[in-house]
There are 2 protein chains.
Amino acid sequence: VPAFRITLAYDGTDFAGWQIQPGAARTVQGALERALERITGAPVRVVGAGRTDAGVHAEGQVASAELATALEPDRLRSALNAVLPQDAAAVAVSRVADDFDARRDARAKHYRYRIWNGPDRAPLLARQTHHVRRTLDLAAMTRAARDLTGTHDFASFQAAGSAVTTTERTLFACDVCGSAPGEVWLDFAGSGFLRRMVRNLAGTLIEVGSGRRDPASLPGILAARDRAAAGPTAPARGLVLRRVDY
Amino acid sequence: VPAFRITLAYDGTDFAGWQIQPGAARTVQGALERALERITGAPVRVVGAGRTDAGVHAEGQVASAELATALEPDRLRSALNAVLPQDAAAVAVSRVADDFDARRDARAKHYRYRIWNGPDRAPLLARQTHHVRRTLDLAAMTRAARDLTGTHDFASFQAAGSAVTTTERTLFACDVCGSAPGEVWLDFAGSGFLRRMVRNLAGTLIEVGSGRRDPASLPGILAARDRAAAGPTAPARGLVLRRVDY
């Protein structure tokens, strides 16, 4: 059966995250598999590049799937958009080699954490930004972000209770852009991320920007290898998976 | 009693428009008056600069009100944001002369009509853009928009059944920006607008961009003074009242 790569965008607000769960939770993976089953008439299992948490958005999540269909990729994309729920969409579909695996073959993932920084809430940005009232010191955040790029043990930024073989990861980029007050973006690119790592990095950088942590404190937090050494988990609504490179 | 000018942002999706209606409709005016009544303990009537329709958003709607309060404007803004619903916010509050009237004294209103132009829907933009699938010809739309600026009788762009003394209005600017495919903005600035005028102009410009109307047809449409001569009303979700000048 032919193998496909499906690029998805979704508003994560009303999804219980990417991954299928026991019970009736509304997940993106579940919605995609149901849509593909309606199109192909056969059971489908997809593999996603990143298991986004409940409330996390995507502009370019990638899934791989073997599908018993003769549809051309463009027709499959249109068919998917006709049956997917309105808060999800296929934005690209292509044929790939049979052994393509969206998770294993990902070379880089690009995440953006969006902050609305201002004294009052911004209703039109509310679903997709985290509201921080105190004016952020972007220079301090940029200084702190510098110490995060490269290969480090990110155990201090991993959700408590995770079980992975290694907590070493490589961040290619960690950029702070925007204006304060105004919209501030924290852009992360890396080969792989631990569970909640981006949101824990964002929560720690926000503490730096708020003057509650020293901009030079990141090497010490990394060295501690202790979740308690880092800042809080920033809310899911601010996070979007923008792109996956292969 | 002191007079105030209150600048509001709101996500119009879940409001039945600005204006209070008979019955239980959830309106922005109603939400603002209830919030002000909770703060001041007295009945309040506000005047809004623009009566936005159901589903239309605002970044800078302006309301005027006389309020029996000793609160400083900044404290009033904070108090308002504590009691307004989450999909509305006061973004500025100032004291004004007793005779200030947000509607009558407005010199210019700035509206943006946002279009997501691409073959597939964009879930993260869905609440605040109108989705147009066919790639728009922005040069043709820009050419057509040129004939709309200035003072004209805009009767062809007024919602059917409206009763106003004159349908002559002045458009200071009508700009087409963005990329197609991509996000396209239609920016309108004018001294005043007829009912549904911006959405009717947007719907007509979209027909020009889709090749269904001649870019040079706008003078004829204006001259017809007939709603049937213009294009359809574009959906409310794409429209945002950005700013009101005094």
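Higher on the page you've got the structure.
Below is a short write-up of the structure.

The rules we used
Residues numbered from 1 in each chain as written. Chains lettered and ligands numbered in written order. Predicted model: local features only at pLDDT ≥ 70, side-chain atom pairs only at ≥ 80, totals over all residues. Heavy atoms only, no water. Helix = DSSP H or I, 4+ residues; strand = E, 2+ residues; numbered from the N terminus. Rg over C-alpha atoms; globule rule 2.2 N^0.38 Å. Buried < 20%, exposed > 50% of the residue type's maximum accessible area, 1.4 Å probe, protein only. Contact = heavy atoms within 4.5 Å. Areas by Shrake-Rupley, 256 points an atom, 1.4 Å probe, with all protein chains shown as cover. Lys, Arg positive; Asp, Glu negative; His and termini not counted. Charge placed at Lys NZ, Arg CZ, Asp CG, Glu CD. Least-squares fit on C-alpha atoms with pLDDT ≥ 70 in both. Buried area = accessible area lost by both parts, 1.4 Å probe. Salt bridge = Lys/Arg side-chain N within 4 Å of Asp/Glu carboxyl O. Polar contact = N/O pair within 3.5 Å; in protein donor to acceptor, adjacent residues only side chain to side chain. Nonpolar A, V, L, I, M, F, W, Y, C, P; charged D, E, K, R; others polar.

### Thoughts on the overall build of chain A
Thought 1: The helix and strand inventory of chain A stands at 5 helices and 10 strands.
Thought 2: Against the compact-globule benchmark of 18 Å for 246 residues, chain A has a radius of gyration of 19 Å, which places it among compact chains.
Thought 3: Projected onto the principal axes, the alpha-carbon positions of chain A cover approximately 55 × 40 × 30 Å.
Thought 4: Here chain A, with 246 residues, has 54% of them falling under the buried criterion.
Thought 5: When contacts within chain A are restricted to residue pairs at least 6 apart in sequence, those whose partners lie at least 24 apart make up 69%.
Thought 6: By element, 49% of the accessible surface of chain A is carried by carbon and sulfur atoms, the whole surface being about 10,500 Å².
Thought 7: A gap of 4 Å separates the mean positions of the 32 positive and 26 negative side-chain charges of chain A.

### Looking at the relation of the copies chain B and chain A
Thought 1: The two copies are related by a screw motion: chain B maps onto chain A through a turn of 180 degrees and a shift of 0.0 Å along the axis, at an RMSD of 0.0 Å. Such a combination of turn and shift is consistent with a two-fold rotation axis.

### So, the interface of chain B and chain A
Thought 1: Facing the 24 residues of chain B at the interface are 24 residues of chain A.
Thought 2: Regarding the contact of chain B and chain A, the summed buried area is about 1,800 Å², with carbon and sulfur atoms giving 50% of it.
Thought 3: For chain B, the biggest contributors to the area lost against chain A are Arg 121, Pro 123 and Leu 124 of chain B; these three give 44% of the whole.
Thought 4: Counting the contacts that link chain B with chain A gives 2 salt bridges.
Thought 5: Summed over the shared surface of chain B and chain A, the number is 16 residue pairs in polar contact (both at pLDDT 80 or more).
Thought 6: Taken together, the elements giving at least two residues each to the side of chain B that touches chain A come down to β1 (3–10), β3 (57–66), α2 (73–83) and β4 (88–96) of chain B.
Thought 7: The greatest single-element share of the side of chain B that touches chain A, amounting to 4 residues, is contributed by β4 of chain B.
Thought 8: Grouping the amino acids of the side of chain B that touches chain A by side-chain chemistry returns 13 nonpolar, 4 polar and 7 charged.

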